[in-house]
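Secondary and tertiary structure notes
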Amino acid sequence: MDHPATDLSLRDVVAALESLYPLGSAADWDRVGLVTGDLDQPVRRILFALDPTLDVIGEARSWDADLLVTHHPLLLRGVHSVATSSAKGAAVTALVRAGVALWVGHTNADVADPGVSTVLADALGLADQRPLSSEGGHPIGRVGELEPPVSLAAFADLVATALPDTAGGIRVSGDPEAPVSTVAVMGGSGDDRLDDVRASGADVYVTADLRHHPVLEAREEARGGRPYLIDAGHWATESLWLMSARDRLVSALEGVHEATRVETRVSAIRTEPWTFVVGANAARADRVAPRTGGVS
Ligand SMILES: [Zn+2]
């Protein structure tokens, strides 16, 4: 398979990525930027994926990609070995052996504009967008308006249509008939922002990874009313960003070299860990649970 002609180096592409998603805007705990690769290596094919899993790295290798761009870091904690006896070590070894560079844009992509939550808000058709909160002086999350207002059930259907399907589906907390118009969104894990959501006056909050205690406490504070909550899945709420990142990078690279020809692809691999669901709706929470135990 022939590659298209190019004179782009990894150095050029990393500079373009980091002009779009500056490393300095990442959270202190985060680990973003270049993970593997030789800055002088040519880049002809770039694969985008949410997670650098072994399957995704396999796709990068079989497509002969020179660069893999992911949202989630491969290495967030210290490592003392990259031997193939661990999955992380196998991932690093596979990348290096195949000459695939890895670049990560995580919290620096969350706070970018357009960033992960902006892309999500756009996909839901939210008008009059503003930040939900700020992180290290950078805006994070989005709040916007649905025009016209719709019922919570209809909005949940809109979310399901706008986002890619996942095995986990979409979970909703609130009255299906209640009208909603102001929507807060946060791609990925968002249950640390429930106070910001309350302060924003949002009718409903779309995010992911909502845990029992923070959610139940927020619902108690709301006395069953607003803000309602929608857990649309981590992968689904963030994966739309990949298309945005791809398009922005291609535009930025056209500015580097007019004759640049680089092939790009967004991976179709769903790196959400959940595989299937059983028993959904078997016990709707707004119904009284049947008594269990023997009849006396
Ligand atoms: Zn995430």
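Residues numbered from 1 in each chain as written. Predicted model: local features only at pLDDT ≥ 70, side-chain atom pairs only at ≥ 80, totals over all residues. Heavy atoms only, no water.

1. Structural notes on helix H8 (residues 212-221)
- Taken residue by residue, H8 has Val215, Ala218 and Arg219 as its buried positions. Buried residues along H8 cover an arc of 100 degrees about the axis, so they all sit on one side. Facing away from the buried side of H8, by more than 90 degrees, are the exposed residues His213, Glu217, Glu220 and Glu221.
- Of the surrounding elements, those touching the buried residues of H8 are strand E7 (171-173), helix H7 (194-200) and strand E10 (228-231). (Buried < 20%, exposed > 50% of the residue type's maximum accessible area, 1.4 Å probe, protein only. Helix = DSSP H or I, 4+ residues; strand = E, 2+ residues; numbered from the N terminus. Arc of directions from axis to C-beta. Contact = heavy atoms within 4.5 Å.)

2. What about the nonpolar core?
- The biggest cluster of nonpolar side chains holds 48 residues, and the ones touching the most others in it are Val13, Ile46, Leu67, Phe155, Val206, Ile230 and Leu249.
- Examining the composition of this core, we find that six residues originate from one element, helix H1 (residues 10-20), more than from any other.
- Inspection of this core shows a minimum of three residues originating in each of domain 1 (8-109 + 239-266) and domain 2 (111-232).
- Residues in contact with Val206, not counting those within four places in the same chain, are Leu124, Phe155, Val159, Val183, Ala184, Val185, Met186, Ile230 and Ala232.
- Ranked by size, the runner-up nonpolar core spans 16 residues in total, among them Ala49, Ile57, Ala60 and Leu95. (Core = buried A, V, L, I, M, F, W, Y, C linked by side-chain atoms within 4.5 Å. Domains from an automatic or database assignment.)

3. Some details on the coordination of the zinc ion
- In this structure, His72 (NE2), His234 (NE2), Glu238 (OE) and Glu238 (OE) serve as the protein donors to the zinc ion, at separations of 2.1 to 2.4 Å.
- In this structure, the zinc ion is coordinated by four donor atoms arranged in irregular fashion, with angles at the metal of 57 to 135 degrees.
- Linear spacing of the donor residues for the zinc ion on their chain is H-x161-H-x3-E. Here His234 lies in helix H9 (residues 234-239) and His72 lies in the loop between strand E3 (67-70) and helix H3 (87-98), a separation of 162 residues in the sequence.
- Overall, His234 belongs to the partly exposed group, its relative accessible area being 22%. (Donors = N, O, S within 2.8 Å, 3.2 Å for Na, K, Ca; no water. Tetrahedral: all angles 85-135°; square planar, octahedral: opposite > 155°, others 65-115°.)

4. A short note on the packing of H1 against helix H10 (residues 241-256)
- Running from N to C, H1 and H10 point in directions that differ by 125 degrees, and their axes come no closer than 9 Å. Between H1 and H10, the angle falls in the class oblique. Taken as a pair, H1 and H10 cross one another with a handedness that is right-handed. Contacts between H1 and H10 involve Asp12, Val13, Ala16, Leu17 and Leu20 on the former and, on the latter, Arg248, Leu249, Ala252, Leu253 and Val256.
- Partitioned by chemical class, the residues of the contact of H1 with H10 number eight nonpolar, no polar and two charged. (Axes fitted to C-alpha atoms, helices over the stretch in contact; angles between N-to-C directions. Parallel < 35°, antiparallel > 145°, perpendicular 65-115°, else oblique. Left-handed = near helix turned anticlockwise from the far one by under 90°. Nonpolar A, V, L, I, M, F, W, Y, C, P; charged D, E, K, R; others polar.)

5. Quick word on the packing of helix H2 (residues 54-62) against H3
- Closest axis-to-axis distance for the H2/H3 pair is 10 Å, and the angle between their directions is 10 degrees. Considered as vectors, H2 and H3 are oriented roughly parallel to each other. Across from Leu54, Ile57 and Arg61 in H2, the residues of H3 making contact are Ala87, Ala90, Ala91, Ala94, Leu95 and Ala98.
- For the contact of H2 with H3, the per-class residue count stands at eight nonpolar, no polar and one charged.

6. A look at the sheet that holds strand E2 (residues 45-49)
- Taken in spatial order, the five strands line up as E1-E4-E3-E2-E11 in an open sheet, and their pairing is mixed. Strand pairing shows two members of the sheet lacking a second neighbour, strand E1 (33-36) and strand E11 (263-266), which therefore form its edges. Across this sheet, the average inter-strand angle for adjacent strands is 25 degrees, counted without regard to direction.
- Summarising the sheet, E2 and E3 pair through four bridges and their orientation is parallel. Among the inter-strand pairings, Leu47 is bridged to a residue of E3, identified as Leu68.
- Along the sheet, H10 makes contact with E2 and E11, crossing E2 at roughly 155 degrees. (Pairing = 2+ DSSP bridges.)

7. Structural notes on the pattern of salt bridges
- Tallied over the full model, the rule gives 12 salt bridges.
- Between Glu135 and Arg193 there is a salt bridge, and its shortest N-O distance comes to 2.2 Å. Taken together, the residues Glu135 in strand E5 (residues 127-135) and Arg193 in the loop between strand E8 (179-189) and H7 connect sequence positions 58 residues apart.
- Judged by its relative accessible area of 34%, Glu135 falls in the partly exposed class.
- Between Arg226 and Asp203 there is a salt bridge, and its shortest N-O distance comes to 3.1 Å. Of this pair, Arg226 sits in the loop between H8 and E10 while Asp203 sits in the loop between H7 and strand E9 (204-208), and the two are 23 residues apart along the sequence.
- Residue Asp203 is classed as buried on the basis of its relative accessible area of 11%.
- Members of the salt-bridge network, linked through shared partners, are Asp128, Arg130 and Glu145. (Salt bridge = Lys/Arg side-chain N within 4 Å of Asp/Glu carboxyl O.)

8. Some details on unusual backbone geometry
- The omega angle of the peptide bond from Asp113 to Pro114 is 5 degrees, so this bond is cis rather than trans.
- Position of Pro114 among the secondary structure elements: in the loop between helix H4 (107-110) and helix H5 (116-123).
- Omega for the bond connecting Glu147 with Pro148 falls within 30 degrees of zero, at 0 degrees, which places this linkage in the cis form.
- Residue Asp209 is not a glycine yet carries a positive backbone phi of 60 degrees.
- Note on placement: Asp209 falls in the loop between E9 and H8.

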